[in-house]
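Each chain is listed here by its residues.
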Amino acid sequence: MHPIVIAPSVLAADWGRLHDQIRAVEAAGADWLHLDVMDGRLVDNISFGPAFCESVAKVATKPLDSHLMISRPDHYWSRFAKLSRNITIHVEAECDVAATLRDIRAAGVGAGISLKPGTPFSAIEPFLADVDLVLVMTVEPGFGGQSFMESQMEKVSMARDIRAARNLAYRIEVDGGINAVTGAKSRDAGADTLVAGSSVFGAADMASAIRALRG
Ligand code: DX5
Ligand code: ZN
């Protein structure tokens, strides 16, 4: 349904050389850049906030895919709106998720919904008609470099099947432990948008790592 998009996660970049890393990963073929915002409450880590994302936006030429792993996206989403192609919030957030998704879309930004590995797919079903992207976490969110959870492929296929059955059009994204092998499994299950941090930024040759993710 959608062309494959590779969205390297800036979380895995060398932030001391952020400008060069952004230039390099874009030259290597990244379609989007993925921004993993963490508040230390929804997930057990703190990464970066709006100011850091604004500095990325100053250098980046590719669309920015903001993933808000935060408990109050209703309060903070607007600070990412200008710089983001889409903003993804978590169904586990402590806010009115439907209203926040509506607000994001009303601002002309793509709206995404994500769920942790321990959250059943049924939790996001009420929102599927109102999103542009479904993000299935394939690790427990909070850290890069973790191992891929194959059990989450069921959710990817459910998202694909429901999209077809209900004639919806959202992208299906996976995030966590994505490399050439797990990326192929994810595509086979129905994913069209692959977030990859360590497998790209940790690669000796980023361009071949990105090519391998495309399959
Ligand atoms: C949540 C983050 C990570 C990151 C990807 O923990 O969303 O999943 O983007 O990290 P890698 O690709 O290194 O697993
Ligand atoms: Zn992410």
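All values reported here derive from a predicted model rather than from experimental measurement.

S.K.: So what's going on with the environment of Arg-166? Which residues, and what values?
M.R.: Within the secondary structure layout, Arg-166 lies in the loop between α5 (153-165) and β7 (171-175). Judged by its relative accessible area of 40%, Arg-166 falls in the partly exposed class. Separated by 28 residues in the primary sequence, Arg-166 and Thr-138 have C-alpha atoms spaced 24 Å apart. Sequence-distant contacts of Arg-166, defined by excluding residues within four places in its chain, comprise Glu-125, Leu-128 and Ala-129.

S.K.: Just give me the short version of the coordination of the zinc ion (ligand 2), but keep the residues and values in it.
M.R.: For the zinc ion (ligand 2), every protein donor is listed as His-34 (NE2), Asp-36 (OD), His-67 (ND1) and Asp-175 (OD), and the spread of their distances is 1.9 to 2.1 Å. Linear spacing of the donor residues for the zinc ion (ligand 2) on their chain is H-x1-D-x30-H-x107-D. Taken together, the positions of His-34 in strand β2 (residues 33-38) and His-67 in strand β3 (residues 64-69) put the pair 33 residues apart, joining distant regions of the chain. The burial state of His-34 is the same as that of His-67; both residues are buried.

S.K.: Outline the pairing of strand β4 (residues 86-90), supporting the account with residue identities and numerical values.
M.R.: Taking burial as the measure, the 5 residues of β4 include 5 buried ones, the bulk of the element. Burial along β4 is two-sided: Asn-86, Thr-88 and His-90 facing one way and Ile-87 and Ile-89 facing the other are all buried. When β3 meets β4, the two strands line up parallel, connected through 4 bridges. Bridged to His-67 within β4 is Thr-88.

S.K.: Outline unusual backbone geometry, listing residues and values.
M.R.: Even without a glycine there, the phi angle at Asn-167 is positive, about 55 degrees. Assignment of secondary structure puts Asn-167 in the loop between α5 and β7.

S.K.: Now, about the nonpolar core: what can you tell me, with residues and values included?
M.R.: Among the nonpolar cores identified, the biggest contains 62 residues, and Leu-33, Val-56, Ile-87, Ile-113, Val-134 and Tyr-170 are the most heavily contacted of them. Not counting chain neighbours up to four residues away, the residues in contact with Tyr-170 comprise His-2, Leu-128, Val-131, Asp-132, Leu-133, Val-134, Ala-159, Ile-162 and Arg-163.

S.K.: Can you lay out the site of ligand 1 for me, pointing to particular residues and giving the numbers?
M.R.: In the vicinity of ligand 1 lie 18 residues, with Asp-36, Gly-142, Gly-177, Gly-197 and Ser-198 positioned nearest. Within the side chain of Ser-198, one N or O atom sits 2.4 Å away from an oxygen atom of ligand 1. When ligand 1 sits alone it has 370 Å² of accessible area, and the protein chains cover 99% of it. Contributions of two or more residues to the shell around ligand 1 are made by β2 and β8 (193-196). Considering only residue class, the shell around ligand 1 consists of 8 nonpolar, 8 polar and 2 charged.

Scoring rules and cut-offs
Residues numbered from 1 in each chain as written. Chains lettered and ligands numbered in written order. Predicted model: local features only at pLDDT ≥ 70, side-chain atom pairs only at ≥ 80, totals over all residues. Heavy atoms only, no water. Helix = DSSP H or I, 4+ residues; strand = E, 2+ residues; numbered from the N terminus. Buried < 20%, exposed > 50% of the residue type's maximum accessible area, 1.4 Å probe, protein only. Contact = heavy atoms within 4.5 Å. Donors = N, O, S within 2.8 Å, 3.2 Å for Na, K, Ca; no water. Pairing = 2+ DSSP bridges. Core = buried A, V, L, I, M, F, W, Y, C linked by side-chain atoms within 4.5 Å. Near = heavy atom within 4 Å. Polar contact = N/O pair within 3.5 Å; in protein donor to acceptor, adjacent residues only side chain to side chain. Areas by Shrake-Rupley, 256 points an atom, 1.4 Å probe, with all protein chains shown as cover. Nonpolar A, V, L, I, M, F, W, Y, C, P; charged D, E, K, R; others polar.

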